[in-house]
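Close look at the chain arrangement
Each chain is listed here by its residues.
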Amino acid sequence: LRENNVPELPDGEFHNGMITRSNSTTARLHVAVALRHPNVKVIANALGAPPADLVDEIHHSGRLVAGLCGSVDHARRHAAAGVDIIVAQGGEGGGHTGYIGSMVLWPQVVAAVAPLPVLAAGGVGHGSQIAAALAMGAEGVWNGTLWLSTEESEMTDVQRRAIVAADSRDAIISRSLTGKRNRLLRSAWTEAWEKPEAPDPLPLPLQDLVAGEAVTRLETYPDANPAIHITPSGQVVGQITKVSKVADVMFELAEQYLEATDRLSALNARLQEA
Ligand SMILES: Cc1cc2nc3c(=O)[nH]c(=O)nc-3n(C[C@H](O)[C@H](O)[C@H](O)COP(=O)(O)O)c2cc1C
């Protein structure tokens, strides 16, 4: 941070990293807040199957529980825990991610948890990718990276510019943020952790004691240096070429989906004639 001219926090200010934002105690508080809002229809859980009492509490309030998985084993554990919707996230996805690509993971998870509905995640940024997910048995898709470049997202301008400029190879795996495999955009932060003299990141949740301060300093001084930012992002970042409004992204996805399925319908018609 010093090498990249990111200022220290003002005297007396403490970093608000992920340990303070989301551990198992604060996660329960988040659920309690969510349940006070009638518009919240689904609560999604990741990094392990949700505890039985939380699943019961959410069900009793009339909502559904979704669970993110990166392997068939995870998906089965979610199903056994009473999760209603499985989100199967391929390794190309942004944020915490596993080892298996979406193309291979999605149909395996669909088969393993049927008849539970599966949402396909990881690498969906175009309507044709939605058509592919539905062709493989998913009921719908779940996007992360695609929203980062929207006008409505909470990214800083430095991050938005980095997202638009990045290609798919810039979305690398790094344990520098949480101690677990996380797909982040390459920046001076990830590169520093890859230097031979850099220490190994600490295991989750302890790496937050190191990275939390960086996250807070970069949020406080987002323009200190565009070379350094901490931005979870999937490989689909290479498909993002502009900043758009969420509504426009939704319209584009719908149009692209229709184009893709029209193409397949035309192909089917030709096959049936043959
Ligand atoms: C900036 C960012 C933050 C994320 N944070 C979380 C998170 O806190 N919990 C979670 O379950 N998934 C998280 N994810 C993963 C998304 O829920 C989603 O599964 C993933 O982004 C889908 O792949 P895609 O990035 O290729 O669209 C995050 C993804 C991004 C890009």
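Up top is the structure these notes are about.
Definitions and limits used
- Residues numbered from 1 in each chain as written.
- Predicted model: local features only at pLDDT ≥ 70, side-chain atom pairs only at ≥ 80, totals over all residues.
- Heavy atoms only, no water.
- Pairing = 2+ DSSP bridges.
- Helix = DSSP H or I, 4+ residues; strand = E, 2+ residues; numbered from the N terminus.
- Buried < 20%, exposed > 50% of the residue type's maximum accessible area, 1.4 Å probe, protein only.
- Arc of directions from axis to C-beta.
- Contact = heavy atoms within 4.5 Å.
- Axes fitted to C-alpha atoms, helices over the stretch in contact; angles between N-to-C directions.
- Left-handed = near helix turned anticlockwise from the far one by under 90°.
- Near = heavy atom within 4 Å.
- Polar contact = N/O pair within 3.5 Å; in protein donor to acceptor, adjacent residues only side chain to side chain.
- Areas by Shrake-Rupley, 256 points an atom, 1.4 Å probe, with all protein chains shown as cover.
- Nonpolar A, V, L, I, M, F, W, Y, C, P; charged D, E, K, R; others polar.
- Patch = residues over 30% accessible without salt bridge, like charges linked within 9 Å, V, L, I, M, F, W, Y side chains within 5 Å.
- Salt bridge = Lys/Arg side-chain N within 4 Å of Asp/Glu carboxyl O.
- Expected span 1.5 Å × (residues − 1).

**Comments concerning the sheet that holds strand E8 (residues 182-185)**
Read across the sheet, three strands follow the order E4-E8-E7 without closing on themselves; strand pairing throughout is antiparallel. The sheet terminates laterally at strand E4 (95-96) and strand E7 (171-174), the two strands that pair on one side only. Sheet topology places E7 next to E8; four bridges connect them, and they run antiparallel. Of the residues in E8, the one forming a bridge with alanine 171 is leucine 185.

**Some thoughts on helix H6 (residues 127-135)**
Among the residues of H6, those classed as buried are Gly127, Ile130, Ala131 and Ala133. Projected down its long axis, H6 shows its buried positions confined to an angular sector of 160°, all on one face. Taken together, the buried residues of H6 touch helix H5 (102-113), strand E5 (118-121), strand E6 (140-142) and helix H11 (246-273). Glycine 137 lies just past H6 and shows a positive phi near 100°.

**What to know about the packing of helix H4 (residues 72-80) against H5**
Following both chains from N to C, one finds H4 and H5 inclined at 35°, their axes separated by 9 Å at the closest point. The chirality of how H4 crosses H5 is right-handed. In contact with Val72, Ala75, Arg76 and Ala79 of H4, H5 contributes Leu105, Gln108, Val109, Ala112 and Val113.

**Some details on the site of the ligand**
Inspection of the region around the ligand gives 15 residues, with Ala46, Gln89, Gly123, Gly144 and Thr145 positioned closest. Contact between the ligand and glycine 94: an oxygen atom at 3.0 Å from a main-chain N or O atom of the residue. The backbone of glycine 122 places a nitrogen or oxygen atom 3.2 Å from an oxygen atom of the ligand. Starting from 590 Å² of accessible surface for the ligand in isolation, the protein chains cover 72%. Looking at the shell around the ligand residue by residue, the classes come out as seven nonpolar, eight polar and no charged.

**As for a nonpolar patch on the surface**
Together, Leu202, Leu206, Leu209 and Val210 make up a nonpolar patch on the protein surface, roughly 330 Å² of accessible area in all. One can find leucine 209 in helix H10 (residues 208-220). Note on leucine 209: relative accessible area 57%, which makes it exposed.

**As for H11**
Here H11 spans 41 Å end to end across 28 residues, near enough to the 40 Å set by a 1.5 Å rise per residue. Within the span of H11, buried status applies to Val249, Leu253, Gln256, Ala260 and Thr261. For H11, the elements touching its buried residues are H6 and helix H7 (145-148).

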